[in-house]
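Each chain, letter by letter, is given below.
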Amino acid sequence: MLEPILAAVRAVRDGSLRTSAQRLAHVAELRKHLAKVKEALAADAAAGSYFKCLAVWIEASPVTSAALAGVALDRDDVQSLGPAWVEAYVEYLTAVVTRLKKAPAPVSEAMIPFRERILQGIRRAGVTVGADRRLCAISDVKVRRLRRAAVHLLLLGENGPQLELRQNLLTYQPTGQIEPEDLKAVPLQVDFGNVPGAERQAVAEAVFQAVATGGPKEIPGRFIWPLTIRAQGGRVRYELVFAAVDGDQPRQIRPERLGEATGWAVPGYVGDQNGVDARRNALIRRFALGGVEDRRTARWSADELGLVAAAFERLPPSGAEALRGVVLVRDGVTAELDAGVTRAGFTHINRHDVDAGDQLRPPPHVHYYNVTFDERNGRATGSPGDAGGGADFTLLHEAGHVVISCPRAWYFVSRNSLVRSYQETRDQFVARIVKQVATDDRPILVEWNRLSNPYTLAVAEQFAAADALCTAYYSCDPERVNAALREYQAKRTVAETAKKALLDSAALLDPVLPEGERLAVQITTEQTRQSEISDATATDGRRLYYFKQYAEKVRFVPFTAYGRTAVDEFFAETYALFLADRERLYEYNWRMCCWLEADFPDPDTFVPNAF
């Protein structure tokens, strides 16, 4: 039962599938083998053999980044091979789900020794041939749901193994002198099974350089290092998977090919524009940005603005909305951080020393430094068929900071501007009422004028309480949050009472005014509308607070060194992974992935739907 599948694996790895017809025939044979496995090994007693065959079967896929490296895909691959592989992939996932759904304990236990290989195979083979004749991730929603069902059942409904994602730079000058055989001197086993022959020397040198940094010894257990490697045919994205074989020290490295370094697709509204200024303006219009500015000697390039647009198009509606009013600053200065990570970006919502000496538009600012866009830094991000560069992770990381802080800042700026815009009209009306009160002391005239000031004061105090509540949420301190919430609710009640009294007074005032001056209700209604503070605004800062609460609830812990430095950095790293490589986040902690997809709901009431 296993031998023909092993032969299929060898056919993929030795490069014997050279034509579209051969690859298509290979998929057809794989489907036959899978049907035989399901039929012959259906008994619970054969579960171990069943999952062993599944682990090997997925490794025989002729549609992976490694299997199709250097292949000039044609129309037949688009029209026949791609759809045929998706059908085979669905059959495979169904075979996993059907066997594990409501499976007795012995079946689940028989699966565990093969789980890691199956999970990696599902990730590696979750690709197809796109309309542009390039490999791309399978994006069909139904297939994704089935994939999640398989992953969820393979993990027995629990979190995945501890993930450590390394984002450190790996800058080196390839020498072309390190060969795979040279790695035998390194106390690590390197599995080149998913590395095309033409790229093995380049990958071997990257592995050698990675080991030379001391990185593999720093972190116990399994960790992953996404890299962009300079191979003979061009730049290629890989992830080096370090796994522990005995003890805690990582002693095995499996390079997994993600794809060519072509980058994420630039959306047409920017890609169709020629020149920096046209692209700059297109970005500003798309996201209602406050500006896209150069700082000192650093200058945005057209390509960099294309990268920004491609990354930001991955944002959900709430993320895109959070960018409103934000100024993107191209900066050249950088600094080292304690976590050993070079600062590639920086977000701030108020005036900051980083802007000293420059005439920039008012914050919020997101600074992107030279290192973000430096192709030599060797970083990568994303999944097979959907891999981006290191710049993409940084762009999305800073977007995470924007999501948890900038909506609040933009609201306060825009609200203050709105209130000021109507102030003159109201002041003129008040002046006329005051003048009339001097000669007409009817109580209703005096009363409306008297109630106006307490209302203004009550709103100002509610506004301050809303600001304090946002700050408390951002501190992630439950006691501070509860105290600020009580204060805000009290100030809101006072403001609502003052508003009702003022509106009631205005309704009584208009009838006693001269016919052309009966504007009390109109002006008071507009005043209260523009001054009103919604609860959503007061609690906007709770996204970070909710994240921390839910992370603790579902045992979600930081997966990068930088994410361990502060809770806001933990969120930003998580948000970037969610947008760049969502199914990896799902495998690591499916509940957190679902929480982000649900747009930051209350962790006390949120019930995730696994798939």
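For every chain, the first residue of the written sequence is number 1, and numbering continues from 1 along that sequence. Local features in a predicted model are, by the rule used here, given only for residues with pLDDT of at least 70; side-chain atom pairs are given and counted only at 80 or more, and totals for whole chains, interfaces and linings are based on all residues. Note: side-chain values were computed over all heavy atoms of the structure, leaving out hydrogens and water.

Concerning helix H6 (residues 115-124)
The criterion, for reference: The cut-offs for exposure are 20% and 50% of the maximum accessible area for each residue type, with area from a 1.4 Å probe on protein chains only; residues under the lower value are buried, those over the upper are exposed, and the others partly exposed. Helix and strand assignments come from DSSP, with helices taken as H or I runs of at least 4 residues and strands as E runs of at least 2, each series counted from the N terminus.
By the criterion of burial, H6 is predominantly enclosed, with seven of the 10 residues buried. Burial in H6 covers these residues: Ile118, Leu119, Gln120, Gly121, Ile122, Arg123 and Arg124.

Considering the nonpolar core
The condition is simple: Buried Ala, Val, Leu, Ile, Met, Phe, Trp, Tyr and Cys residues that are joined via side-chain atoms within 4.5 Å together make up what is termed a nonpolar core.
Counting residues in hydrophobic clusters, the biggest one holds 130 residues, and the most contacted among them are Phe51, Trp85, Tyr92, Phe312, Leu328 and Phe556. The biggest single contributor to this core is helix H4 (residues 75-100), with 12 residues.

Some thoughts on the packing of aromatic side chains
Quick reminder of the rule: What counts as a ring pair is set by centres within 6.5 Å for rings of Phe, Tyr and Trp (its six-membered ring), and what kind of pair is set by the plane angle: stacked under 30 degrees, edge-to-face over 60, tilted for all other angles. Two thresholds decide whether a charge sits over a ring: the Lys NZ or Arg CZ must be within 6 Å of the ring centre and within 35 degrees of the ring normal.
Considering all chains together, one arrives at 25 aromatic pairs under this definition. Taking 5.8 Å as the distance between ring centres and 15° as the angle between the ring planes, the aromatic pair formed by Trp57 and Trp85 counts as stacked. Of the two residues, Trp57 sits in helix H3 (residues 47-57) while Trp85 sits in helix H4, which places them 28 residues apart along the sequence. On the basis of relative accessibility, which here comes to 1%, the residue Trp57 falls in the buried class. Here the aromatic rings of Tyr575 and Phe578 are separated by 6.3 Å at their centres, their planes lie at 35°, and the arrangement is tilted. Here the residue Tyr575 and the residue Phe578 both occupy positions in helix H20 (residues 567-580), the gap between them amounting to three residues, near one helical turn. For Tyr575, a relative accessible area of 1% gives the class buried. The structure contains a cluster of three or more aromatic residues connected by ring pairs, namely Phe547, Tyr550, Phe556, Phe559, Phe570, Phe571, Tyr575, Phe578, Tyr588, Trp595, Phe600 and Phe606. In this arrangement the basic side chain of Arg99 is found over the ring face of Tyr50, its NZ or CZ atom lying 4.2 Å from the centre.

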